[in-house]
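Here are the chains, one letter per residue:
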Amino acid sequence: MQKVVVAKGLTKRFKDITAINDITFSMEEGSFNLLVGPNGSGKTTLERLIVGLYEPTEGSVKIFGEEASAAPVSVMAKVGYVGENYGLYDNLSVISNLLFFSRLLGIEKRQALERIDKLLGMLGAEEFVKRKVSTLSRGTKQKIAVCRALLANPRLLVLDEPTAFLDPESAEKLREALAELVKEGTTVVYATQRLDELSKFNADILVLKKGKLVGYGDLDSVVKMIRGIEIEISYLGRLSKEQEKAMKTLGGRLMGKRIGLSIGSIGKIPKLAKEAVEAGINITSITFLDYNLR
């Protein structure tokens, strides 16, 4: 199996801050790779190194056998990336944006229109095709940004918190679409701090903390390794007195539209989520805040 991404002793410093610290790993063709960790753990920096937006301070990261930061256009054409910014033109419509990027990628117009129609349908965004990007919600912009990244059928797709602003149904559609891409041989790198997403993919999981790779493996090995987890549950609507009491019984700390909790291990999250849902709480995400290692 071809190694699509290979990092050796990868380090990135910004003045006296070490954002990525001596990381070594590889990612195979057709693999799903989750980058997991709380804010500030280095997920975004690592993804930017992989797609060549940053040069390493030390070590190397190669994609398709080429140094990522100096890869030729022929290699970068195989890469799709959705970062923190959407990379869209606000003053243009969705279709104008996607046709513009299609032209840059050398895709003939008829083929581009067919591809755009398929991608928008896949993510449930067809109704926005003529809308200006500036009028869209953050979640819809996220969908369009993913469509842009998929226009050229990339062999390496790198996504930074792709479900951050999506509703549960849209997030599930995106996960299903990504699973199909992996079956077709695309390598996916997916950064998240949402612990509820770990069990939704058959993935290799890279656990980051303060720029270090502190865990690497499948879900079972990661569950065994991480202890003393601080999480945050986000929800819609307002909690009733009974719901507040139920969460406090579980050790929850109420913080506006969020509930903070300390749990012993990742393995307890499904039961916790089930109890919250049974109490009638409309959970939108369960987010990593911090953790300890076994």
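All values derive from a computational prediction rather than experimental measurement.

**Describing the sheet that holds strand β3 (residues 32–36)**
At step 1: Overall, mixed pairing links the six strands, which are arranged β6-β7-β8-β3-β9-β10 in an open sheet. Each edge of the open sheet is held by one strand with a lone partner, namely β6 (79–82) and β10 (212–217). Ignoring which end each strand starts from, the neighbouring axes of this sheet average 15 degrees apart.
At step 2: Note: β6 against strand β7 (residues 156–160), four bridges, orientation parallel. Pairing of Gly80 across the sheet is with Leu157, part of β7.

**Here's the deal with the pattern of salt bridges**
If the charged atoms of two oppositely charged side chains come close together, the side chains can form a pair.
At step 1: Taken as a whole and judged by the stated rule, the model has eight salt bridges.
At step 2: Notably, a salt bridge pairs Arg13 with Glu58, separated by 3.0 Å at the nearest N-O pair. One end of the pair, Arg13, is in strand β1 (residues 3–14); the other, Glu58, is in strand β4 (residues 58–63), with 45 residues separating them in the sequence.
At step 3: By relative accessible area, Glu58 is classed as partly exposed at 39%.
At step 4: Linking Arg48 and Glu84 is a salt bridge whose minimum nitrogen-to-oxygen distance equals 3.1 Å. Of this pair, Arg48 sits in helix α1 (residues 43–50) while Glu84 sits in the loop between β6 and α3 (94–104), and the two are 36 residues apart along the sequence.
At step 5: Assessed through its relative accessible area of 52%, Glu84 is described here as exposed.

Calculation notes
Residues numbered from 1 in each chain as written. Predicted model: local features only at pLDDT ≥ 70, side-chain atom pairs only at ≥ 80, totals over all residues. Heavy atoms only, no water. Pairing = 2+ DSSP bridges. Helix = DSSP H or I, 4+ residues; strand = E, 2+ residues; numbered from the N terminus. Axes fitted to C-alpha atoms, helices over the stretch in contact; angles between N-to-C directions. Salt bridge = Lys/Arg side-chain N within 4 Å of Asp/Glu carboxyl O. Buried < 20%, exposed > 50% of the residue type's maximum accessible area, 1.4 Å probe, protein only.

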